[in-house]
Amino acid sequence: MADTTPFRIGAEATCVDGKCGQLTRVVLDPVARTLTHLVIEPKDSAGPGRLVPVDLVETATIDHIHLRCDTATFATLSPAEETHFLTDAEPDSGYAVKSRCTAATPCMPATVKSVAFRD
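About the thresholds
Residues numbered from 1 in each chain as written. Predicted model: local features only at pLDDT ≥ 70, side-chain atom pairs only at ≥ 80, totals over all residues. Heavy atoms only, no water. Core = buried A, V, L, I, M, F, W, Y, C linked by side-chain atoms within 4.5 Å. Buried < 20%, exposed > 50% of the residue type's maximum accessible area, 1.4 Å probe, protein only. Helix = DSSP H or I, 4+ residues; strand = E, 2+ residues; numbered from the N terminus. Contact = heavy atoms within 4.5 Å. Pairing = 2+ DSSP bridges. Axes fitted to C-alpha atoms, helices over the stretch in contact; angles between N-to-C directions. Salt bridge = Lys/Arg side-chain N within 4 Å of Asp/Glu carboxyl O. Polar contact = N/O pair within 3.5 Å; in protein donor to acceptor, adjacent residues only side chain to side chain.

Let us now look at the nonpolar core. Within the largest apolar cluster, 19 residues are counted, with the highest numbers of intra-cluster contacts made by L38, I40, V52, I65, L67 and F74. Looking at this core, the elements that each hand over two or more residues are β2 (12-15), β3 (18-29), β4 (34-42) and β7 (64-67). Setting aside residues no more than four positions away along its own chain, L38 makes contact with F7, L23, R25, V26, R50, L51, V52, V57 and I65.

Here is the structure:
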């Protein structure tokens, strides 16, 4: 993957042997400020999206993502399920986060239209 790679929510994703789905979310490491995974919803919408490590991205344009795995391997990737948000109330998390998040008003994710990182 290039140093700067554009990803657009809704982009089509293809494995080496055919279409596998579309990009619905991205996973970021807030400490390292890096993109770690893509969430690709299966093309037939059967089951949850798959958590795709960015290392599996062969090439990407704003509208299309080519993965370096086949559809059988894609189907075995971990399901992507939103389970937990880190807040200031979790001092043992290892993240130095200072925000206005509280138990009464938890932080909600921002809507990501596209993301690109520069090394």
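Our focus in this paragraph is the sheet that holds β7. One open sheet holds the 6 strands; their spatial order is β5-β4-β3-β2-β7-β6, and the pairing between them is mixed. Of all the strands in the sheet, just β5 (50-53) and β6 (57-60) have a single pairing partner and so form its edges. Between one strand axis and the next, the sheet turns by 35° as a mean value, whatever way the strands run. Pairing of β2 with β3, which is carried by 4 bridges, proceeds in the antiparallel orientation. Bridging across to β3, C15 finds its partner in G18.

Another aspect to go through is the pairing of β6. Of the strand pairs in this sheet, β6 and β7 are connected by 3 bridges, and their pairing is antiparallel. Bridge pairing links T59 to H66 in β7. Between β6 and β7, which pair antiparallel in sequence order, lie 3 residues.

Time to look at the pattern of salt bridges. Side chains that differ in sign of charge can pair as their charged atoms come close. For the structure shown, the criterion picks out 3 salt bridges. D63 is paired through a salt bridge with R8; the nearest N and O atoms lie 3.0 Å apart. Of this pair, D63 sits in the loop between β6 and β7 while R8 is found in strand β1 (residues 7-8), placing the two residues 55 residues apart along the sequence. What makes D63 partly exposed here is its relative accessible area of 44%.

Moving on, we get to the side chain of H64. For H64, the position within the fold is in strand β7. By relative accessible area, H64 is classed as buried at 18%. Polar contacts involving the side chain of H64 include one to the side chain of T14, which spans 2.6 Å. Setting aside its immediate chain neighbours within four residues, H64 contacts A11, E12, T14 and T59.

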